[in-house]
Amino acid sequence: MMRKTSLVLLGAIIGASAVAIGPRVPMPWFPAGAHASPSDVYRSLNLFGDVFEKVRTDYVEKPDDKKMVEAAVSGMLASLDPHSSYMDAKSFMDMQVQTSGKFGGLGIEVMQEDGLVKVVAPIDDTPAARAGILSGDFITAIDGEPVQGMTLNQAVDKMRGAVDTNVKLTLARGAAKEKIDVTLTRALIQIKSVRSRVEAPDVGYIRLTQFTEQTYDGLKEAMKKIQTEIPADKFKGYILDLRNNPGGLLDQSVAVVNAFIDHGEIVSTRGRNADETQRYNARPIDLSKGKPVIVLINGGSASASEIVAGALQDHKRATLIGTRSFGKGSVQTIIPLGQNNGALRLTTARYYTPSGRSIQAKGIEPDLTVLEDVPDELKGKDRTEGEASLKGHLKNGDQEEHGSQAYVPPDVAKDKALHAALDLLRGVKTAEVIKAENAKAVADAAAKPAAKDETKPATGRPAEAPPAAPPVGPKGEPVLKQGPTPVPEK
């Protein structure tokens, strides 16, 4: 089977985590309560200095001092947990672009297929769409440089750039691989994180692909449009699809929840010290006007997505359908280092749902579990292993949960979770009937492998990885999040 990796030329996806960005008050080297005495700490620093100097003087080739220090910092942070890391200057700048949801580019969603860069789709009203680039085209060269051998990120970096600058793409089109050269002028591309439609005639469907600075505004516009298209007396409710949404900005997830409730706590974050606890409460907004809500989640729904799902579930404002979420329940704060030295992404808190649940390494359990029918060629690759499977993850008691299905059928007609949501909103089926149907499907699926002696457990990455975008942190700073999903180039 082809190895496929998808990426949107907007920038790299951050994955399943929430990150706060903003200035931090400098902390003392030896805070009260530290386990090691100052003398022990200095002794360890002396060890680092001795090794660093020995490598500088005796290594077979002259090393790059800056790279060695950055590697040492990276190793230190990597030893803490899977989401703490060091970002060099370029990575930090890319993250800031990702959090804004806007950048200079062409407007192409791309993926990597067998080492080549393939166009998934041009984005409407962008340079790529206006130039006639088609879904299925292969990009073989960028400004005359062959793409073969580049990583997807490298190709994306070459296509992005300053607005009003030109870039030449060489395409291979169709079965005959017809060669086409096209020169495009980069424009300001805005990531569209909200997609919506009316499930005729009476249900509003809204999909959030990630949480960027534009997500709440996009949601508000989508809800307004749906409310004008469906008469109030016919309107059965909303489906909010968060499947394979890796998260993003914390403040945007709070605002999304507030679009469906008008009071009460939405989420709290708790750090190492009690005085670092932050609580986010709803304001009297509720754009949904009290209409019923169903939220779709799966193993690729992480971080900010879990904040939304957990809050609406705790407030009994929504029914959750799908499979258990990823389990990313920690907040990362981005700490700029100054002097063009990049930034630290440091885990500084855990977040909790309104009822006090910690999602970390456990995830959100849906009210109704619905498994999708996975094509034979994707079986074993249709799930994420979840936060609990990550080496060095923050522990959360003895009952951690390890992953769940993350497959979403590309054909809407085969989307069982979506149809279960529609049936429930329309009163065609009750929750009990949906539970019974899924239990039978699970039993049938379990019996089928046994008959074929297919006992190897399913492992691997989700068919569609969760996306990521920057959230806002507990002190009002932007927050970033991670998860699995394709990424657009803009």
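Refer to the preceding data block for the structure.
I will try to describe carefully the structure that is included in this document. The model shown is predicted, which means the values in this text are computed figures rather than measured ones.

### Digging into the overall build of the protein
Here is step 1 of the chain: For the protein, the count of helices and strands is 10 helices and 26 strands.
Here is step 2 of the chain: For the protein, the proportion of its 490 residues judged to be buried stands at 49%.
Here is step 3 of the chain: Per element, the accessible surface of the protein, about 23400 Å² overall, is 54% carbon and sulfur.

### Description of the pattern of salt bridges
Here is step 1 of the chain: Applying the stated criterion to the full structure yields 28 salt bridges.
Here is step 2 of the chain: Here Glu 199 makes a salt bridge to Arg 197, at a shortest N to O gap of 2.8 Å.
Here is step 3 of the chain: Using a relative accessible area of 14% as the deciding quantity, one classes Glu 199 as buried.
Here is step 4 of the chain: One salt bridge in this structure joins Glu 265 and Arg 279, with 3.2 Å as the shortest N-O distance. Separated by 14 residues along the polypeptide, Glu 265 in strand β15 (residues 265–270) and Arg 279 in strand β16 (residues 278–281) bring together distant segments of the chain.

### So, the nonpolar core
Here is step 1 of the chain: One finds Ile 206, Leu 240, Phe 260, Val 295 and Leu 312 to be the most contacted residues of the largest nonpolar core, which totals 42 residues.
Here is step 2 of the chain: Ile 206 has contacts with Val 194, Arg 195, Ser 196, Leu 219, Ala 222, Met 223, Ile 226, Tyr 238, Ile 239, Leu 240 and Asp 241, leaving out every residue within four places of it along the chain.

### Focus on empty space enclosed by the protein
Here is step 1 of the chain: On inspection of all chains with the given rule, the structure shows 1 cavity of 30 Å³ or more.
Here is step 2 of the chain: What the largest cavity holds in volume is close to 50 Å³.
Here is step 3 of the chain: Taken together, the residues of the lining of the largest cavity break down into 4 nonpolar, 4 polar and 2 charged.

Reading the values: the criteria
- Residues numbered from 1 in each chain as written.
- Predicted model: local features only at pLDDT ≥ 70, side-chain atom pairs only at ≥ 80, totals over all residues.
- Heavy atoms only, no water.
- Helix = DSSP H or I, 4+ residues; strand = E, 2+ residues; numbered from the N terminus.
- Buried < 20%, exposed > 50% of the residue type's maximum accessible area, 1.4 Å probe, protein only.
- Areas by Shrake-Rupley, 256 points an atom, 1.4 Å probe, with all protein chains shown as cover.
- Salt bridge = Lys/Arg side-chain N within 4 Å of Asp/Glu carboxyl O.
- Core = buried A, V, L, I, M, F, W, Y, C linked by side-chain atoms within 4.5 Å.
- Contact = heavy atoms within 4.5 Å.
- 1 Å grid on protein atoms, 1.4 Å probe; cavity = no way out; pocket = protein on both sides within 12 Å on 5 of 7 lines; lining within 4 Å.
- Points joined across faces, edges and corners; volume = space filled by probe spheres on them.
- Nonpolar A, V, L, I, M, F, W, Y, C, P; charged D, E, K, R; others polar.

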